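Observations on the three-dimensional arrangement
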Amino acid sequence: MMLPIFFQRNLEVGLKSLWHRRLRSLLTVLGIVFGVASVIAMLAIGEGASYEAQQRIKQMGSLNIIVRSVKPPAEAGKSSQPMGIDKYGLLKSDFYRLQTIPSLRQSAQLRRTRETVWQGEWSFPGQLVLTNPSYFQLVSLSLASGRLFNENDYLYRSNVAVLGAGLIQKLFPLGGGLGETVRVKRNYYRVIGILSDRSISGGGSTVSAENVNYEIYIPLSTGMSQFGEFIFKNEGGSVQREWVELHEIVMKAGRESDIPATVSLISAELKRSHKAADYEIMVPLELLKQAEQTKRIFNIVLGSIAAISLLVGGIGIMNIMLASVMERIREIGLRRALGARKRDIVIQFLSEAVILSAIGGAIGVILGIFIPALVTRATGMKTIVTVWSPILAFAISAAIGVIFGFYPARSAAELDPITALRNE
Amino acid sequence: MVAQNKKAPAIQLEEISRIYQMAAGEVAALSKINLTVEQGEYMAVMGPSGSGKTTLLNLLGCLDQPSSGRYYLGGEDVSALPDDQLSEIRNRKIGFIFQSYNLIPELTVLENIEIPLFYRSHNDPDGLQRAVRLAEMVGLGSRLDHRPAQLSGGQQQRVAIARSLVNDPLIILADEPTGNLDSTTGQEILSVLHEMHRQGKTLVVITHDVSVAQHSSRTIHIVDGRIKG
Ligand SMILES: Nc1ncnc2c1ncn2[C@@H]1O[C@H](COP(=O)(O)OP(=O)(O)OP(=O)(O)O)[C@@H](O)[C@H]1O
Ligand SMILES: [Mg+2]
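Cut-off values and rules
- Residues numbered from 1 in each chain as written.
- Chains lettered and ligands numbered in written order.
- Predicted model: local features only at pLDDT ≥ 70, side-chain atom pairs only at ≥ 80, totals over all residues.
- Heavy atoms only, no water.
- Helix = DSSP H or I, 4+ residues; strand = E, 2+ residues; numbered from the N terminus.
- Buried < 20%, exposed > 50% of the residue type's maximum accessible area, 1.4 Å probe, protein only.
- Contact = heavy atoms within 4.5 Å.
- Areas by Shrake-Rupley, 256 points an atom, 1.4 Å probe, with all protein chains shown as cover.
- Lys, Arg positive; Asp, Glu negative; His and termini not counted.
- Charge placed at Lys NZ, Arg CZ, Asp CG, Glu CD.
- Buried area = accessible area lost by both parts, 1.4 Å probe.
- Salt bridge = Lys/Arg side-chain N within 4 Å of Asp/Glu carboxyl O.
- Pairing = 2+ DSSP bridges.
- pLDDT = per-residue confidence, 0-100.
- Patch = residues over 30% accessible without salt bridge, like charges linked within 9 Å, V, L, I, M, F, W, Y side chains within 5 Å.
- Near = heavy atom within 4 Å.
- Polar contact = N/O pair within 3.5 Å; in protein donor to acceptor, adjacent residues only side chain to side chain.
- Nonpolar A, V, L, I, M, F, W, Y, C, P; charged D, E, K, R; others polar.
- Phe/Tyr/Trp six-rings, centres within 6.5 Å; stacked < 30°, edge-to-face > 60°.
- Lys NZ or Arg CZ within 6 Å of the ring centre and 35° of its normal.
- Axes fitted to C-alpha atoms, helices over the stretch in contact; angles between N-to-C directions.
- Left-handed = near helix turned anticlockwise from the far one by under 90°.

**Side note on the overall build of chain B**
- Summing up its helical and strand segments, chain B has seven helices and ten strands in all.
- Dimensions of chain B, computed from the C-alpha atoms along their principal axes, are close to 50 × 40 × 40 Å.
- Counting every position in chain B, which comprises 229 residues, the buried fraction comes to 55%.
- Within chain B, residue pairs in contact and separated by at least 24 positions form 73% of the contacts whose partners lie at least 6 positions apart.
- Of the roughly 9,900 Å² that chain B leaves accessible, carbon and sulfur atoms contribute 48%.
- Each charge sign in chain B was given a centre, from 21 positive and 26 negative side chains, and these centres are 3 Å apart.

Structure (structure tokens):
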């Protein structure tokens, strides 16, 4: 019972003197407030951003290897193909040759073009995706209603389509859509499935989310015969024609450990048949690892900033505590004369410092939780305040009170009572 | 260790010296002092400036320790105790009254009187009641919530007197308690001290004022760190 009473009393003394100098205490504590608040806020923003990046990468499938056609950089001196047709990119033959790589489990080939999709008088520019039924599994697209097209649809070149949630909303603003017919160019398709909304919560990545939501999936076999391989692009007023057989090949490795070897096999295979660099290989897993690495670096930078700002806050605390000790030398002498032990004086000043920094920490935590919410409201950026970040920030700020309050408290306790009492 | 006993002298000094080590050499503020103060005595200490009166009082109050010699406080040898124990002795056995009152400005009259209770090793349920009674005794019963700045010098010194009594100490030490007061107010304070003496308290009061000697039961003179006469 003795310790708590002794502690409580000295704490009381500390609190009283803080209250007595409340404005100055508050100003001093601002360093800690902003330190803690900025740490929590920046962590929340960083966490939100990396969460979005990771979600996007995960949507690509973490075991997948994606090869995309890219337009090779125009070589100087060499004019484009006759009749202005640019031919580049992946071929169906590439797809079939890559099938022979034994470590692959599943694969799909894709053609992507921008096409206007019609429904009666309603129309909307959508992303036409011609692909195999396996694509849905590869990128784990999930249905909101209806069904996905299957091998039968593929085999019989059925005129069926699976539409993204956004596109459905645009074409069927009054609801429904499943079983109805939509038109692309002169071809009609029955809507057999509607995908669930894939926009990543919080926005920010609106571009990719919109693309996903405005896609219309049609069996490659059906579409290939109807659309051909030409793409007309309106670029800078002049019509440009491109000839691309496949835009994308998506392959899935059996295991994570197979990925590097598989990638080099794919790369070697493609190098043999492609003279120009008209494709790129993307490995979501590697992107994921990069994203994690980036986040680690971000956290280190953030940690350093936090450490510096909290150090500054701590020095502020030390400063005001030293001033407080200087101002109250006589009081310290008096208390010692009336029976205060050295440790009573230490606790009096230490509790003052800890209360000061803890108050700063608490205000900082509130601000630090409030700021990310504000950022999200203002910019639509996703922010995540993890549970541990305010707890950690608060604990650190209290610890700073102890660390930076200790020296002033100690020097107060070590004062000679006689000298202290004589102080004017 | 001898237990505090009613018959033991309140203060017993044997060959007490206090020597300050200075760059220029040693300064003997007190040399070989022998002094006994019985319980209930009221002793005035007089002497010229720099003679060692305050040094003596600091030693008696366990704020300082002698360079040599023995000091028995209520029969207990306190010449060489560790700091924490000295704090406890100051808290339990000694009441200080300073020339400049030394009240804490943020605290009220009552809170100032209560300070020594803060540092008691055991909770004292009657402490508050005693503090209020002492405030009434020194005539400040109606001003418990006032701050020191709202009081006159004489009233502040009365608060300090009440504070020195709150832990019911064995001895009360006062270093020129009227030094900052005009003579009328000073006389009032002296009569409070006199009243304390009549109630059986042991007092040691440093003073330049000869009239204190009239109240006191005994006067010693210190010159150059030695007791004269
Ligand atoms: N901390 C110290 N260091 C060195 N010398 C000291 C110290 N304190 C006191 N002295 C010396 O000890 C001697 C006695 O000082 P003390 O304060 O006891 O005198 P005093 O009798 O109380 O004088 P006054 O009436 O002026 O208060 C003086 O010569 C003083 O200079
Ligand atoms: Mg003196």
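**Section: the interface of chain A and chain B**
- Contact with chain A, which involves 26 residues of that partner, is made by 25 residues of chain B.
- Of the roughly 2,400 Å² buried where chain A meets chain B, counting both sides, 57% is carbon and sulfur surface.
- It is R9(A), L338(A) and I418(A) that lose the most area in chain A upon contact with chain B, and together they represent 27% of the buried surface on that side.
- Along the contact surface separating chain A from chain B lie three salt bridges.
- Note that K16(A) and E111(B) form a salt bridge whose closest N and O atoms lie 3.0 Å from each other.
- If you tally residues by element for the side of chain A that touches chain B, the top one is helix α1 (residues 2-20) of chain A, at nine residues.

**Details of the pairing of strand β7 (residues 171-175) of chain B**
All names here are of chain B.
- Across the five residues that make up β7, a large majority, five, are buried.
- Two elements, strand β6 (residues 94-97) and β7, share four bridges in a ladder whose sense is parallel. Residue pairing across strands places I94 opposite I171, the latter belonging to β7.
- As paired strands, β7 and strand β8 (residues 202-206) are joined by five bridges and run parallel to one another. In the strand pairing of β8, I171 is matched with T202.

**A word on the environment of D153(A)**
Residues and elements named next belong to chain A.
- Residue position: D153 is located in helix α5 (residues 151-155).
- By relative accessible area, which is 7% here, D153 ends up buried.
- When the C-alpha atoms of D153 and P133 are compared, they prove to be 8.7 Å apart, with 20 residues separating the residues in sequence.

**Describing the environment of E176(B)**
Residues and elements named next belong to chain B.
- Note on placement: E176 falls in the loop between β7 and α6 (183-198).
- Of the residues examined, E176 reaches a relative accessible area of 18% and is grouped as buried.
- Not counting chain neighbours up to four residues away, the residues in contact with E176 comprise Q99, I206 and H208.

**Thoughts on the confidence of the model for chain B**
- Taken over all residues, the pLDDT of chain B has a mean of 92, while the share at 70 or more is 97%.
- Confidence metrics for the complex model read pTM 0.74 and ipTM 0.94.

**A look at a nonpolar patch on the surface**
- A contiguous nonpolar surface patch, about 420 Å² in accessible area, is contributed by L23(A), L27(A), L30(A) and F34(A).
- By the secondary structure assignment, L23(A) is in helix α2 (residues 22-59).

**Structural notes on the pattern of salt bridges**
All names here are of chain A.
- Scanning all chains against the criterion turns up 31 salt bridges over all chains.
- Across the pair R21 and E352 runs a salt bridge, and its minimum N-O distance is 2.3 Å. One end of the pair, R21, is in the loop between α1 and α2; the other, E352, is in helix α12 (residues 342-379), and 331 residues separate them in sequence.
- Judged by its relative accessible area of 10%, R21 falls in the buried class.
- Residue class for E352 comes out buried when judged on its relative accessible area of 0%.
- For K295, the salt bridge identified is with E47, shortest N-O distance 3.1 Å. With a gap of 248 residues between them, K295 in helix α10 (residues 284-327) and E47 in helix α2 connect regions that are remote in the sequence.
- Under the relative-accessibility criterion, E47 is labelled buried at 18%.

**A short note on the site of ligand 1**
- Taken together, 14 residues lie near ligand 1, and S49(B), G50(B), K53(B), T54(B) and T55(B) sit nearest.
- Taken together, the residues near ligand 1 originate from chains A and B.
- Here an oxygen atom of ligand 1 sits 3.0 Å away from a polar atom, N or O, in the main chain of G52(B).
- Here T55(B) contributes a side-chain N or O atom positioned 2.5 Å from an oxygen atom of ligand 1.
- With the chains in place, 65% of the 630 Å² that ligand 1 exposes on its own is no longer accessible.
- If you tally residues by element for the shell around ligand 1, the top one is helix α1 (residues 53-60) of chain B, at three residues.
- Each residue belonging to the shell around ligand 1 can be placed in one class, and the counts come to four nonpolar, seven polar and three charged.

**Comments concerning the packing of aromatic side chains**
Residues and elements named next belong to chain A.
- Evaluated as defined, the whole model comprises seven aromatic pairs over all chains.
- Measuring from ring centre to ring centre gives 5.4 Å for F95 and Y96, while their planes differ by 70°; the resulting arrangement is edge-to-face.
- Connected via pairs of aromatic rings, a cluster forms that spans Y135, F136, F149 and Y217.
- Here the guanidinium or amino end of K87 rests over the ring plane of W243, the centre of that ring lying 4.3 Å away.

**Regarding the sheet that holds strand β10 (residues 226-228) of chain B**
All names here are of chain B.
- Taken in spatial order, the six strands of this open sheet run β6-β7-β8-β3-β9-β10, and their pairing is mixed. The strands lining the two open edges of the sheet, one partner per strand, are β6 and β10. Adjacent strand axes in the sheet meet at a mean angle of 25° when their direction is disregarded.

**A few points about unusual backbone geometry**
- Positive phi, close to 55°, is recorded for K185(A), a residue that is not glycine.
- Within the fold, K185(A) resides in the loop between β7 (181-184) and β8 (187-195).
- The residue E15(B) is not glycine, and still its phi comes out positive at about 55°.
- In this structure E15(B) comes out as partly exposed when scored by relative accessible area, which is 39%.

**Considering the packing of helix α3 (residues 109-118) of chain B against helix α5 (residues 153-165) of chain B**
Residues and elements named next belong to chain B.
- For the pair α3 and α5, the least separation of the axes is 7 Å and the interaxial angle reads 35°. Where α3 crosses over α5, the two elements pack in a sense that is right-handed. Here α3 contributes V109, N112, I113 and P116 to the contact with α5, which in turn contributes V159, A162 and R163.

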